[in-house]
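Descriptive analysis of the structure
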Amino acid sequence: MWQSLLETAKYSPFKNPVSVAHCEPANNDKMLSPVPGRTIGFAATPIRQPGDSCDFGSPKYFALCGLGGILSCGLTHTMVVPLDLVKCRLQVDPGKYKSLIHGFKVTIAEEGSRGLAKGWAPTFFGYSVQGLGKFGLYEYFKILYSDLMGEENAFLWRTSLYLAASASAEFFADIGLSPFEATKVKIQTTPGFANTFREAVPKMYAQEGTNAFFKSLVPLWCRQIPYTMMKFACFERTVELLYKHVVPKPRADCTKGEQLVVTFAAGYIAGVFCAVVSHPADTVVSKLNQEKGSSALDVAKKVGFGGLWKGLGPRIIMIGTLTALQWFIYDFVKVSLGIPRPPPPEAPESLKKKLAAEGK
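Residues numbered from 1 in each chain as written. Predicted model: local features only at pLDDT ≥ 70, side-chain atom pairs only at ≥ 80, totals over all residues. Heavy atoms only, no water.

As for the packing of helix H3 (residues 81-92) against helix H7 (residues 158-189)
Viewed as axis vectors pointing N to C, H3 and H7 meet at an angle of 70°, and their least axial separation amounts to 9 Å. For the element pair H3 / H7, the angle class is roughly perpendicular. Residues Val-81, Asp-84, Leu-85, Cys-88, Arg-89 and Val-92 of H3 touch H7, and the partners they reach there are Lys-184, Gln-188 and Thr-189. Partitioning the contact of H3 with H7 into residue classes produces 4 nonpolar, 2 polar and 3 charged. (Axes fitted to C-alpha atoms, helices over the stretch in contact; angles between N-to-C directions. Helix = DSSP H or I, 4+ residues; strand = E, 2+ residues; numbered from the N terminus. Parallel < 35°, antiparallel > 145°, perpendicular 65-115°, else oblique. Contact = heavy atoms within 4.5 Å. Nonpolar A, V, L, I, M, F, W, Y, C, P; charged D, E, K, R; others polar.)

Observations concerning the side chain of Ser-72
Mapped onto the elements of the fold, Ser-72 is located in helix H2 (residues 59-79). Residue Ser-72 is classed as buried on the basis of its relative accessible area, which comes to 0%. Looking at Ser-72, its side chain comes within polar contact range of the main-chain oxygen of Gln-326, at 2.8 Å. The residues contacting Ser-72, other than those within four sequence positions of it, are Phe-135, Gln-326, Trp-327, Ile-329 and Tyr-330. (Buried < 20%, exposed > 50% of the residue type's maximum accessible area, 1.4 Å probe, protein only. Polar contact = N/O pair within 3.5 Å; in protein donor to acceptor, adjacent residues only side chain to side chain.)

A look at the confidence of the model for the chain
Chain-level statistics for the chain give a pLDDT mean of 83 and a share of 85% at 70 or above. Contacts from residues 1-46, a stretch scored under 50 in pLDDT, to residues over four places away or in other chains number 97 contacts. (pLDDT = per-residue confidence, 0-100.)

Here we look at the packing of aromatic side chains
As enumerated under the stated definition, the model contains 20 aromatic pairs in all. Ring geometry for Phe-62 and Tyr-140: centres 5.4 Å apart, planes at 70°, overall edge-to-face. Taken as a pair, Phe-62 in helix H2 and Tyr-140 in helix H5 (residues 120-149) lie far apart in primary sequence, 78 residues in all. Taking relative accessible area as the criterion, Tyr-140 reaches 22% and is therefore assigned partly exposed. Consider the rings of Phe-141 and Phe-172, whose centres lie 6.4 Å apart with planes at 10°: the pair is stacked. Of the two residues, Phe-141 sits in helix H5 while Phe-172 sits in helix H7, which places them 31 residues apart along the sequence. For Phe-141, a relative accessible area of 11% translates into the label buried. Taken together, the ring pairs in this structure connect Phe-56, Tyr-61, Phe-62, Tyr-140, Phe-141, Tyr-145, Phe-171, Phe-172 and Trp-221 into an aromatic cluster. (Phe/Tyr/Trp six-rings, centres within 6.5 Å; stacked < 30°, edge-to-face > 60°.)

With respect to empty space enclosed by the protein
Under the definition given, this model contains 3 cavities of 30 Å³ or more. Approximately 490 Å³ is the volume attributed to the largest cavity. For the largest cavity, the lining is made up of 30 residues, of which Lys-142, Phe-235, Glu-236, Arg-251 and Pro-342 are closest to its centre. If you tally residues by element for the lining of the largest cavity, the top one is helix H10 (residues 217-246), at 6 residues. Tallied by class, residues from the lining of the largest cavity come to 19 nonpolar, 3 polar and 8 charged. Put simply, the second largest cavity is a space of about 150 Å³. Where the lining of the second largest cavity is concerned, the elements lending two or more residues are H3, H5, H7, H10 and helix H13 (312-337). Per-element tally for the lining of the second largest cavity: the top contributor is H13, with 4 residues. (1 Å grid on protein atoms, 1.4 Å probe; cavity = no way out; pocket = protein on both sides within 12 Å on 5 of 7 lines; lining within 4 Å. Points joined across faces, edges and corners; volume = space filled by probe spheres on them.)

Overview of a nonpolar patch on the surface
Together, Phe-264, Tyr-268, Ile-269, Val-272, Phe-273, Phe-328 and Phe-332 make up an exposed nonpolar region whose accessible area comes to about 570 Å². Listing elements by their share of the nonpolar patch, those giving two or more residues are helix H11 (256-290) and H13. Considering every element that reaches the nonpolar patch, the biggest residue donor is H11, with 5 residues. Looking at where Phe-328 falls in the secondary structure, it is placed in helix H13. (Patch = residues over 30% accessible without salt bridge, like charges linked within 9 Å, V, L, I, M, F, W, Y side chains within 5 Å. Areas by Shrake-Rupley, 256 points an atom, 1.4 Å probe, with all protein chains shown as cover. Salt bridge = Lys/Arg side-chain N within 4 Å of Asp/Glu carboxyl O.)

Describing the nonpolar core
Tyr-61, Phe-135, Tyr-138, Phe-235, Tyr-243, Trp-327 and Ile-339 are the most contacted members of the largest nonpolar core, which has 35 residues in total. At the level of elements, H2, H5, H7, H10, H11 and H13 are the ones that each hand at least two residues to this core. The greatest single-element share of this core, amounting to 8 residues, is contributed by H10. Every residue in contact with Phe-235, bar those within four places of it in the chain, is listed here: Met-230, Thr-263, Ala-266, Gly-267, Ala-270 and Trp-327. (Core = buried A, V, L, I, M, F, W, Y, C linked by side-chain atoms within 4.5 Å.)

Side note on helix H8 (residues 197-208)
Between the first and last C-alpha of H8 there are 16 Å, a value that for 12 residues agrees with the 16 Å anticipated at 1.5 Å per step. Just downstream of H8 lies Gly-209, where phi reads positive at about 70°. (Expected span 1.5 Å × (residues − 1).)

Take a look at the structure:
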């Protein structure tokens, strides 16, 4: 996996590519840009900081960020499969599974403790694929859009920048996730259908063809894109606010361990908001993959407004913990592999001068 990721770094859309083998900067003063002939204005840092293993904005940088996303999403989603399984069953059969604790009791009584691990394989592979796109493409689109906007506008409109970059990344990431998510939900919510990934896929294809794996893509976008927009924008701004108002010293003076604590705290705060904004669509996805031949609108009408919010409590616990751990793992991978980690953004000097001249 490592080799295949680094191989992709040999092919670059840049006019002035860096050396993947030695990660040598294309020039000494400016960072590479996804827009040929231009340089990055937002996050105005040198190409190489002490301890960095590659140049910020280089193909190797994006490949390593994608690797961080694979580890971040694949491991964390697999870790919470038992909670996710009960949450899905609460959504599709609230009469049988009356609460989170009751859901665990019923599942263990009927299927044993091994039943709680149903769907782990499509979860691991699906969210690894999604993590590759989510984090790798987010870093790419953030640099691309900030360069197109220009240094000053990228800082002033940075929340919009985070929202646009994360939405773009998630759009593509979900195309890879959709077949695995459909299989996972089918295994977890349809009694007796299949116990393993290998058993479920041919059965689903025989019943509905390729539509079985992509019929929930639009609801998946409706769930995941708002979730990811909140996840990245809320995290980025929360980190900025924590260092500004809570942490008693600048990030540069914090140890790597202290920085990771801030990352975890900001990730959990972002996760709570993520769970709320994406939950109705999550309920629709769960029901849609359980009921053959139904549309997203049919499911929404059937469960009603109140039904769309079933299982929100378990999901807040799951997504809050999940998001915090994902950011922690992603940042830990960056620290461990020497991937550049720009500090929270500051107003560029040109903007500071303008604001000073205007008396602001």
